Amino acid sequence: MNKIIFIASFYLLAAYACQPSSTDPKEKEMHRYVDRLMRKMTLEEKIGQMTQLVVGFDITGPVLNEGVEEKIKSGAAGSVLGIYTPEATRKLQEMAVNDSRLKIPLLFGYDVIHGHRTIFPINLGLSASWDMTLIEQTAQAAADEAAADGLHWTFSPMVDIARDPRWGRVSEGAGEDPYLGSRIAEAMVRGYEQDDLSRNNTILSCIKHFALYGAAEAGRDYNTVDMSDVRMYNEYLPPYKAGAEAGAASFMTSFNEINGVPATGNRWLLTDLLRKEWEYKGFVVTDYASIPEMVNHGSGNEQEVTAMAINAGVDMDMVSEAISRYGTELVKSGKVAKKTIDMACRRVLEAKYKLGLFEDPFRYCVSEKEKHQRTFTLRYQLLAREAAIKSVVLLKNDNQVLPLNAEAKIAFIGPQAKRAHDLIGSWSAAGLRDEAISLWEAATKRYEKNNYLYALGCNLLEDTGLIDKLNRFGSKIQQSEKTPQALIQEAVAVARKSDIVVAAMGEAFSMSGEAASRSSIELPENQKELLKALKQTGKPIVLVLMNGRPLALSWEDENMDAILETWFAGTAGSQGIADVLFGGANPSGKLTMTYPRNIGQVPIYYNHKNTGRPIREEEKYTSKYLDTPNDPLYPFGYGLSYTSFQYSDLQLSADCLAPGQTLSVSVTLENTGKREGTETIQLYLHDKTASITRPVKELKGFQQARLASGESKTIRFDITEEDLKFYNSDLQWVAEPGEFDLFVGGNSRDLLQASFKYSAK
Ligand code: BGC
């Protein structure tokens, strides 16, 4: 008898432990609803909620993978990835809510990464705007369009800190800095979710790829990550944590291993850190087939790695159906507790509840008319143009060759001058490549002039092996019938007839993004040959770059007159670039990843540590290269304007800071140039002595100011103890007494400096 009571109370306790307690009446109502539903569910149906199936399109509608329809009807799928449009999602939703036993609606997910139908610049470009309002607005627009297209959930933002430009996925993130990356993560989550998932123009966001995916060894995608705890906590984890705290509805695991345990099966990561330490309440989906991929990692057979993933804290299995295949057996054999499945299922159902899908499973299946009113609107196209303008970074502008004089004879030369195919970048969701126009078209339409000349000059690439690889994934790279020499001769002749050359060069969109690592980050050799020939003409050259990662541009920096980094600038990219080139807009973008001089310097990032032997050129045994300087070509935070800014009079309100106090920092910023412009003022700190060594500087604040020519403004920042904190070797978040350097300026290199003391009393 006692035994029975004991067992019964054990199960009651276990069941209670799975039910989150809440005081919020809305949440209580949700818990009651989900409880009631779950009481009716079989183990198989719960496992169904943990399963996401992938579906593709054909011309007449969605093509279902083998057995998908049956699986939906039998309650064996909780979510679908890979389709959109109200018609296509409605068709599958009808199967779920009409034919499945419990009529649980499906969740439709898609990669809406930098826009849905209106495509904004790639995320690395957007981050260069340093404009959180703009970034939030782009996410909000993407959510609106995606929701009007039947979607509930985006796999964005990607917040992986990236210090290695060989890694193709640097294009999808916010660059190398944890502080800026955190602010951008928050802005994107706000944009997608608007703190209210019950609205029909908001969607679930997903913080990915958890964790440390950007630290893949040698920049090779999916590669091993091995990292100390202090580095992880201080440098790589902050943006994920910021995303969780901003209320992101879901997290995605990463493909990589972390210190010997693949992220998807990593209980420390998904439970101890995410659930216990960060108290994260949303649900966790795997990245694609990362459960069975753990077999390749060497973590066990398929059944073992499935148990590992569920026990680690995975709630939904993207695509692989491993949980669906082994889940029941694992519960029966006791390798996975029933309550673990319950908890996962509950989290997925809660997300559906928050979206209002139980009230109306078709609420995102809007009418054609409404979809039209919310999609690719003039407002969104203008936002895309603004985003393109604010993303471009002016890297060089000798003798103020830019902005261009529209009356001049301008030669547009290069493989990216008339090619619009790459502009919307990788992960272009429902964006249409044909809708973006080329730079040539944007420039000639703008002034309806015939004083502009054109020559191809060279193919985008000559390496046919690489072209084949890229074209297999939609790059449409074509080779001219003319020989490379003939193309160059033609271009040189055109350049000679012109006053100035605009050379549009770069990568194909598929040379960055997933599975697109490069071992060389220079412009392709044939493009450089063209630039060298153009240089011989003596004409001023403006290099316009379209690419998805930092490139090594040492030669270009020495030989070009101006360089404009435009990334893949999106739907309205060319119009935005033309605005900047012709001076309709003044560039204000600043790099969020360091540009190395050459690949040998990689990984290179501004917030590095000092060594015991800092560089001294004249001394042999100091930390340096024999053949290249230590410093980068263009530092983090760098970017020029058509006007100039001067910083002066850096002042601190005191020379000492104590807990509970605020140190006020002020600096005078003056627009010393001839036109209005926007500057991003950056504040960095350096903790000079601490229990663990600290970076030479770390971004701790930034603001933007728009100043008219000749205008001055006092810029203020407040520093508190919180800004001095870091994770010590016991992973405690502490501020330690001592001296701090404080820097303010327009990039991470050219800074005014002051110092103060922090004392605990
Ligand atoms: C990528 C994710 C993406 C997922 C779904 C994976 O290959 O790593 O970033 O969200 O596919 O498309």
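Residues numbered from 1 in each chain as written. Predicted model: local features only at pLDDT ≥ 70, side-chain atom pairs only at ≥ 80, totals over all residues. Heavy atoms only, no water.

Secondary structure assignment for the protein chain yields 23 helices and 28 strands. For the protein chain, whose C-alpha radius of gyration is 27 Å, the value lies close to the compact-globule estimate of 27 Å for 761 residues. When the backbone C-alpha atoms are referred to their principal axes, the protein chain occupies close to 95 × 70 × 45 Å. Per-residue burial over the protein chain gives 61% buried out of 761 residues. A sequence separation of at least 24 residues applies to 78% of the contacts in the protein chain between residues at least 6 apart. Entry remark: accessible area of the protein chain is about 30200 Å², with carbon and sulfur atoms responsible for 49%. Both charge centroids of the protein chain, one from 85 positive and one from 99 negative side chains, sit 2 Å from each other. (Helix = DSSP H or I, 4+ residues; strand = E, 2+ residues; numbered from the N terminus. Rg over C-alpha atoms; globule rule 2.2 N^0.38 Å. Buried < 20%, exposed > 50% of the residue type's maximum accessible area, 1.4 Å probe, protein only. Contact = heavy atoms within 4.5 Å. Areas by Shrake-Rupley, 256 points an atom, 1.4 Å probe, with all protein chains shown as cover. Lys, Arg positive; Asp, Glu negative; His and termini not counted. Charge placed at Lys NZ, Arg CZ, Asp CG, Glu CD.)

Moving on, we come to helix H5 (residues 86-99). In this model, H5 (14 residues) spans 19 Å end to end at C-alpha, consistent with the 20 Å of a helix rising 1.5 Å per residue. Looking only at H5, the buried set comprises Pro86, Ala88, Thr89, Leu92, Gln93, Met95, Ala96 and Val97. (Expected span 1.5 Å × (residues − 1).)

The environment of the ligand is formed by Asp111, Phe155, Arg169, Lys208, His209, Met252, Phe255, Asp287, Tyr288, Met318, Trp427 and Glu514. Between an oxygen atom of the ligand and a side-chain N or O atom of Arg169, the distance comes to 2.7 Å. With respect to the ligand, the side chain of Lys208 contributes an N or O atom lying 2.8 Å from an oxygen atom. For the ligand, the protein covers 93% of the area, taking 310 Å² as the surface of the free molecule. Its residues assigned to classes, the shell around the ligand comprises six nonpolar, one polar and five charged. (Near = heavy atom within 4 Å. Polar contact = N/O pair within 3.5 Å; in protein donor to acceptor, adjacent residues only side chain to side chain. Nonpolar A, V, L, I, M, F, W, Y, C, P; charged D, E, K, R; others polar.)

This brings us to unusual backbone geometry. In the segment running from Lys208 into His209, the intervening peptide bond is cis, with an omega of -5°. Residue position: His209 is located in strand E7 (residues 206-210). Note that the residue after Phe210, namely Ala211, is joined by a cis bond; omega there is 5°. Positionally, Ala211 belongs in the loop between E7 and helix H9 (229-236). Non-glycine residue Asp195 carries a positive phi angle of around 55°. Mapped onto the fold, Asp195 is located in the loop between helix H8 (178-193) and E7. Judged by relative accessible area, which is 75%, Asp195 ranks as exposed.

Okay, the sheet that holds strand E11 (residues 283-285) next. If you trace the three strands from one edge of the open sheet to the other, you get E7-E8-E11, paired in parallel fashion. Because the sheet does not close on itself, it has two edges, and the strands there are E7 and E11. This sheet shows a mean twist of 25° between the axes of neighbouring strands, independent of strand direction. Of the pairings in the sheet, the one linking E7 to strand E8 (residues 250-253) comprises three bridges and is parallel in character. In the strand pairing of E8, Ile207 is matched with Phe251. Contacting E7 and E8, helix H10 (residues 238-245) crosses the sheet at an angle of about 155° to E7. (Pairing = 2+ DSSP bridges. Axes fitted to C-alpha atoms, helices over the stretch in contact; angles between N-to-C directions.)

Further remarks concern the domain arrangement of the protein chain. If you check the domain split of the protein chain, you get domain 1 (397-585) and domain 2 (645-758). A C-alpha centroid distance of 38 Å is found between domain 1 and domain 2. (Domains from an automatic or database assignment.)

So, about the environment of Arg472. In this fold, Arg472 is placed in the loop between helix H19 (464-471) and helix H20 (484-496). Spatially, the C-alpha atom of Arg472 lies 15 Å from that of Gly513, the residues being 41 residues apart in sequence.

A word on the packing of helix H17 (residues 378-391) against helix H23 (residues 573-581). Taken N-terminus to C-terminus, the directions of H17 and H23 make an angle of 50°; their axes are 8 Å apart at the nearest point. Between H17 and H23, the angle falls in the class oblique. For the crossing formed where H17 meets H23, the hand is right-handed. Counting all contacts with H17, which are made through Arg385, Ala388 and Ile389, the residues of H23 involved are Gly573, Gln575, Gly576, Asp579 and Val580. The class makeup of the residues in the contact of H17 with H23 is three nonpolar, three polar and two charged. (Parallel < 35°, antiparallel > 145°, perpendicular 65-115°, else oblique. Left-handed = near helix turned anticlockwise from the far one by under 90°.)

Within this structure, the stated rule accounts for 27 aromatic pairs. Between Trp153 and Phe283, the ring centres sit 5.0 Å apart and the planes meet at 55°, which makes this aromatic pair tilted. Highlighted residues: Trp153 in strand E6 (residues 153-154) and Phe283 in strand E11, separated in sequence by 130 residues. Classification of Trp153 by relative accessible area gives buried; the value is 0%. Taking the relative accessible area as the measure of exposure, Phe283 reaches 0% and is therefore buried. Geometrically, the ring pair formed by Tyr447 and Phe582 is edge-to-face, given 5.0 Å between the ring centres and 65° between the ring planes. Residue Tyr447 is located in helix H18 (residues 439-447), and its partner Phe582 is located in the loop between H23 and strand E19 (645-652); the two are separated by 135 residues in the primary sequence. Overall, the relative accessible area of 28% leaves Tyr447 in the partly exposed class. Look at Phe582 and you get buried, because its relative accessible area is 8%. Feature note: the residues Trp130, Tyr179, Tyr606, Phe636, Tyr684 and Phe702 constitute an aromatic cluster, connected by ring pairs. (Phe/Tyr/Trp six-rings, centres within 6.5 Å; stacked < 30°, edge-to-face > 60°.)

As a further point, take the pattern of salt bridges. Under the definition given, this model contains 45 salt bridges. Between Arg166 and Asp164 there is a salt bridge, with the nearest N and O atoms lying 2.7 Å from each other. For the pair shown, Arg166 and Asp164 are each scored as buried. Residue Lys276 pairs with Asp272 through a salt bridge whose shortest N-O separation is 3.7 Å. Taken together, the residues Lys276 and Asp272, both in helix H11 (residues 267-277) and four residues apart, mark about one turn of the helix. (Salt bridge = Lys/Arg side-chain N within 4 Å of Asp/Glu carboxyl O.)

Taken in spatial order, the five strands make up an open sheet running E6-E5-E4-E1-E12, and their pairing is parallel. For this open sheet the edge positions go to E6 and strand E12 (317-318), each flanked by a neighbour on one side alone. Looking at chain direction, strand E1 (residues 51-54) and E12 are connected through two bridges and run parallel. Opposite Thr51, over in E12, you have Asp317 as the bridge partner.

Judged from the four bridges that link them, strand E14 (residues 410-413) and strand E15 (residues 452-455) form a sheet pairing that is parallel. In the sheet register, Ile413 faces E15, and the bridge partner there is Ala455. Once you follow E14 into H18 and on to E15, the crossover reads as right-handed. (Right-handed = clockwise from strand over helix to strand, strands pointing away.)

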